Amino acid sequence: MRGESITANAAYGDRFEQALLVDPHTGECVDQSNGCVPFNPFGLAIPDDALAFLRTGDISETYALDEDIVNVAITGDVMELPAGPLGFAVGLEWRELSSSFEPDPNFVDENALGFTASSPVSGSLDVAEIFVEALVPVLAGMDFADYLGIEAGYRYSDYRFSGVADNWKAGVDWSPVPAVRFRAMAQRAIRAPNIDELFRQPVVQPTALFDATVDQCTASEDPVGNGLSDLCVAQGIPPDQVGVFEAQESFPLIVIENGGNTDLEPETADTVTAGVIFQPDFLPGFALSIDYYEIEIDNAVGSTPLEGALGLCFDSRDAQSQFCRPVVRASSGDIAEYTNPQFNLATLRVEGVDVALNYNFDLGSAFALPGADASLALQVLGNHAIENSVQATPTSTPIDCAGYYAGGCKFGVDLSQIVPEYRASTRLTYYSGPLTLALHWQWIGELATHLDVTCQETPQFCYPSELDDIDSRNYFELSGRFDFGEHGEIYGGISNLTEEKPPLMGFGQIQSNTAPALYDVFGRRYFLGFRYRM
């Protein structure tokens, strides 16, 4: 697969700065290269010649993806057992994946205003696997065993960069009576680093360490009393300067970040799930399921901000840890360079309970359109997040972010999403002939700021803030559809009916001063459309 993405009418960042720097005596650009045309961004309109000077024209990103797969598998029923057929599968598979991504230099250098930096990627990997799976019916049609079955599987994988890995699963499915079904599964799975995580070229970012206390080798942080003397010496601070050296505020620093890392190890996930489904005969159309899950991922691949990475370095007290090796100090002792790529961030752990309720029932002709039947469908989905934690190194303190934001849940570990402790989604749908009406209610539980916990348990990530706890949010959507025979339909609705606003999250934000994946950022909006099917 090959492709190209073209962006038009962006603006050059360097030319924008060039056009702003104007000689007050001549009214011309101080730097007149490239035909610079000055402009006033606070004016009523930008002249056409100034726009032409700023406009990039077409800038492109090209990408390529190639995948070769060889798969040989045998599947089917091996034999007939008293409780049913024994299902079996065995096979071999080989995969090779190569990809490349080449952004325009203006994207790489962040010279296209409004666009974040892009990095080139190019690499390939391959894996050879053998797998076997079986579905074994044990009992059927017996007292307290309407059905009992066992599921098992094993997969052996050999990755070019990540080495050998074993995957397996074992589960049981038991229905003591037709209305009740219990299910449980234990699994071990691995995820090898992908091409982006292995080979992405890093971005060189000049910055500064604005808070010198982030460098815990500075004397004001008492490195001797905190047992960091050996680590500070290993990083280049003379032994007689440990406890004397004081890091400079805003010392210039080069951060080489977001690059690939071919030293990454595979992620390993251990998963346990257990649940029950209840579908009583006396209540047709009703189904209730409750499922418990526990997932622990070791060697999780991810990134962390500079401040967090340095904190993890000092927390490890090991100069050879993956967080300490990238530290380069200047002759003054200050941190001058840090390579901050993807890391194996030790352990992620999630635990929780999912609940799903579905109930469909008839309303009768009294509530129906003329000549049609009517029914209601109720669906309620709920989640209780018991734990959503990260232990960034084997020696660091786990940070549980279920129901929290900011603090250690932002700078201790850079989570890509915020997980409320409780959330629910309810949909009520009315059906009658060609008409469908639905009301959807999404409830997001409150979030507490993690700052109090952070300052107590992990003071290296503590900072002053005015952030408050976030109240729960309710989002309602009303929608409808009317079918015109087999070919046409008209549909419409109102989203965020009560115009619930997203919370402002400051330093705890994920993006745009809030968490757009969790909260609605657009406000009330309307949609209307017509669809015709051939």
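Quantities reported herein were computed from a predicted structural model and do not represent experimental measurements. (Residues numbered from 1 in each chain as written. Predicted model: local features only at pLDDT ≥ 70, side-chain atom pairs only at ≥ 80, totals over all residues. Heavy atoms only, no water.)

## Comments concerning the pattern of salt bridges
Move 1: One pass over the full model with this rule turns up 24 salt bridges.
Move 2: A salt bridge links Arg524 to Glu499, with the nearest nitrogen and oxygen atoms 3.2 Å apart. With Arg524 in the loop between β24 (488-495) and β25 (525-532) and Glu499 in the loop between β24 and β25, the pair connects residues that are 25 residues apart, well separated along the chain.
Move 3: Residue class for Arg524 comes out partly exposed when judged on its relative accessible area of 34%.
Move 4: In this structure, a network of salt bridges that share partners links the residues Glu294, Glu296, Arg349, Glu351 and Glu387. (Salt bridge = Lys/Arg side-chain N within 4 Å of Asp/Glu carboxyl O. Helix = DSSP H or I, 4+ residues; strand = E, 2+ residues; numbered from the N terminus. Buried < 20%, exposed > 50% of the residue type's maximum accessible area, 1.4 Å probe, protein only.)

## With respect to the nonpolar core
Move 1: Of all hydrophobic cores here, the largest spans 27 residues; its most connected members are Leu209, Leu306, Leu310, Phe323 and Tyr338.
Move 2: Of all the elements, helix α6 (residues 306-316) adds the most residues to this core, at 6 residues.
Move 3: In contact with Tyr338, other than residues within four places in its own chain, are Leu253, Ile254, Val255, Ile256, Leu306, Ala309, Leu310, Phe323, Pro326, Val327 and Phe343.
Move 4: Membership of the second largest hydrophobic core comes to 13 residues, among which are Ile418, Leu467, Ile470 and Tyr475. (Core = buried A, V, L, I, M, F, W, Y, C linked by side-chain atoms within 4.5 Å. Contact = heavy atoms within 4.5 Å.)

## What about the sheet that holds strand β13 (residues 327-329)?
Move 1: Reading across from one edge, β8-β9-β14-β13 is the order of the 4 strands in this open sheet, with mixed pairing throughout. The open sheet has two free edges, formed respectively by β8 (203-209) and β13, since each of these has just one partner strand. Shown here is a sheet whose adjacent strand axes are inclined to one another by a mean of 20°, direction ignored.
Move 2: As paired elements, strand β9 (residues 251-257) and strand β14 (residues 335-340) share 4 bridges and run parallel to each other. Within β14, the position partnered with Val255 by the bridge is Tyr338. (Pairing = 2+ DSSP bridges. Axes fitted to C-alpha atoms, helices over the stretch in contact; angles between N-to-C directions.)

## Quick word on the pairing of strand β16 (residues 347-362)
Move 1: Summarising the sheet, strand β11 (residues 286-298) and β16 pair through 13 bridges and their orientation is antiparallel. Paired with Ile290 across the bridge in β16 is Val355.
Move 2: By the bridge criterion, 16 bridges tie β16 to strand β17 (residues 375-391) in an arrangement that is antiparallel. Residue pairing across strands places Ala356 opposite Leu381, the latter belonging to β17.

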